[in-house]
Each structure stands twice: as C-alpha cells, then as structure tokens.
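This is what each chain is made of:
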Amino acid sequence: MAEFTIRHAEPGPDAAACARIYAPYVSDSAISFEDDAPDAEEIARRIEVANASYAWLVSEDEAGVTGFAYAGQHRTRTAYRWAVDVSVYVDGRAKRGGVGRALYEALFGLLRRQGLRIACAGITVPNDASIGLHRALGFESIGVYRAIGWKHGAWRDVSWWQLRLGPEEDGEPADPIGPQRLEG
C-alpha cells in the first residue's frame, strides 16, 4: 500500500487535481449525476463552501492528490441540521489502496467533533465497490430511489445509506458547532 497523507483541501492549490479526479466519474460513468465535469474554478468554489460549514479533505502521495472527500448540507430545513451528505472520490491509480476509507474516517472524525449525528450517502447502482466501502465503514442501507436520474441513456436508481456518527440520545442535542481542523 502506498504512503499517503490526508489534509484539508485548499481551493487554489487543490481544485485542479480534484477536478481531474472527479471528471471521469462524470463523463465515463453514471456515478455522478452531473452532465458536465466542473472545471477547477467551480471545484474551488465548492471547496470553499464545504470548508465554511464542514470539511473538504484530500489525500496526497509523492505524486500528488489521490482522492478527496467532503461533507455538505443534507437538507435546508432546520430540523436536519444534525445530518450531512458525504461523498468520496479516488483517483484511478489509487483505488483499492485504502485512500477512500482513510479519507472517510478522517472526515467522520471531524463531523463527530462538530456534534453531527448522521452521515448520508447516495450511491448510483450498480456500484459494488462503493457499496462495499460504505458497508465496511458501518453505513446501513435505508432505501432506494427508483429510476430517479437519467444518465448515459438509461434511468438510474440511487441507493441511500446512512451512518450514525454519534450516540443515540433522548431530548434535544446541542446545536452542531463550526468546522473542525485535523489534529496533528
């Protein structure tokens, strides 16, 4: 397994690498429901938005950025403020090397420190690799949106998964706090 580090993404230096990693997921598969791969400028904007409330992390080895994971708002209604949507994308050269797991584990640690309770992930199916990763990290399948998106000439299903980040509690929890930084 190759050595890599995980750190917070910076919009300027990391946007082009993240855009490069993400582009094949958009153009060559139904994994992403975007029609056009966003450019570095758009990814930089997304990094800023994610970092303002949650986190956008990158993994990096001696050759550069190998993957990224981020969290975003689950829904806009106030009662959802303890839930986030999460995503992870890994460069083809780094797949099956532990990058996706490490990125998610680091991200979940930050989200727990914020006081968030539920991480949600949508997976266009079939996608055995992504389902395997989410299962291995403790996500539970909670349902499927059938034929919810049209991509590459077919209607696609999205399987929804969630991970409990914090313990079950009775009563209203404290509001989540702002973004946290990786330690060390």
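This one's a predicted model, so the numbers in the text were calculated from it and none came from an experiment.

Engineer: What is the right way to look at helix α1 (residues 11-27) in this model?
Structural biologist: An α-helical turn contains 3.6 residues, so a residue and the one three or four places further along point in the same direction. Taking 1.5 Å of rise per residue, 17 residues should cover 24 Å, and α1 covers 23 Å from first to last C-alpha, within 8% of that figure. Of all the bends in α1, the greatest reaches close to 30 degrees and is centred on I21; the proline P24 follows between one and four positions later. Here α1 has its buried residues at D14, A15, A17, C18, A19, I21, Y22, Y25 and V26. Contacts from the buried residues of α1 go to β1 (5-8), α2 (40-53), β2 (56-61), β3 (64-73), β4 (83-90) and β6 (140-151).

Engineer: When you look at a nonpolar patch on the surface in this model, what are you seeing that I'm missing?
Structural biologist: A cluster of nonpolar residues, F33, Y145 and I148, forms a patch on the protein surface that exposes about 280 Å² of accessible area. As for its placement among the helices and strands, Y145 is situated in strand β6. Look at Y145 and you get partly exposed, because its relative accessible area is 39%.

Engineer: Any chance you could explain the packing of aromatic side chains here in plain terms?
Structural biologist: Two descriptors summarise a pair of aromatic rings, namely the distance from one centre to the other and the angle between the planes of the rings. Under the counting rule described, the total for this entry stands at twelve aromatic pairs. With a centroid separation of 6.5 Å and 70 degrees between ring planes, the pair formed by Y22 and F68 is classed as edge-to-face. Of this pair, Y22 sits in helix α1 while F68 sits in strand β3, and the two are 46 residues apart along the sequence. On the basis of relative accessibility, which here comes to 6%, the residue Y22 falls in the buried class. Note on Y25 and Y89: the rings are 4.9 Å apart at their centroids and 70 degrees apart in plane angle, and the pair reads as edge-to-face.

Engineer: Please explain helix α4 (residues 128-136) as it appears in this structure.
Structural biologist: Regarding α4, the residues found buried are S130, I131, L133 and H134. One side of α4 holds all its buried residues, which, seen down the axis, span an arc of 160 degrees. α4 presents D128, A129 and R135 as exposed residues on the side facing more than 90 degrees away from its buried surface. Contacts made by the buried residues of α4 are with β4, α3 (99-114), β5 (118-125) and β7 (154-164). Of the residues flanking the end of α4, it is G138, one or two places downstream, whose phi is positive at about 100 degrees.

Engineer: Explain the environment of F33 here, please?
Structural biologist: Note on placement: F33 falls in the loop between α1 and α2. For F33, a relative accessible area of 36% corresponds to the partly exposed category. The spacing of F33 and G178 is 145 residues in sequence and 29 Å in space, taken between C-alpha atoms. Beyond its immediate chain neighbours, meaning those up to four positions away, F33 contacts T124, I148, G149, K151, R156 and V158.

Basis of the calculations
- Residues numbered from 1 in each chain as written.
- Predicted model: local features only at pLDDT ≥ 70, side-chain atom pairs only at ≥ 80, totals over all residues.
- Heavy atoms only, no water.
- Helix = DSSP H or I, 4+ residues; strand = E, 2+ residues; numbered from the N terminus.
- Expected span 1.5 Å × (residues − 1).
- Bend = angle between axes of the 7 residues up to and from the residue.
- Buried < 20%, exposed > 50% of the residue type's maximum accessible area, 1.4 Å probe, protein only.
- Contact = heavy atoms within 4.5 Å.
- Patch = residues over 30% accessible without salt bridge, like charges linked within 9 Å, V, L, I, M, F, W, Y side chains within 5 Å.
- Areas by Shrake-Rupley, 256 points an atom, 1.4 Å probe, with all protein chains shown as cover.
- Salt bridge = Lys/Arg side-chain N within 4 Å of Asp/Glu carboxyl O.
- Phe/Tyr/Trp six-rings, centres within 6.5 Å; stacked < 30°, edge-to-face > 60°.
- Arc of directions from axis to C-beta.

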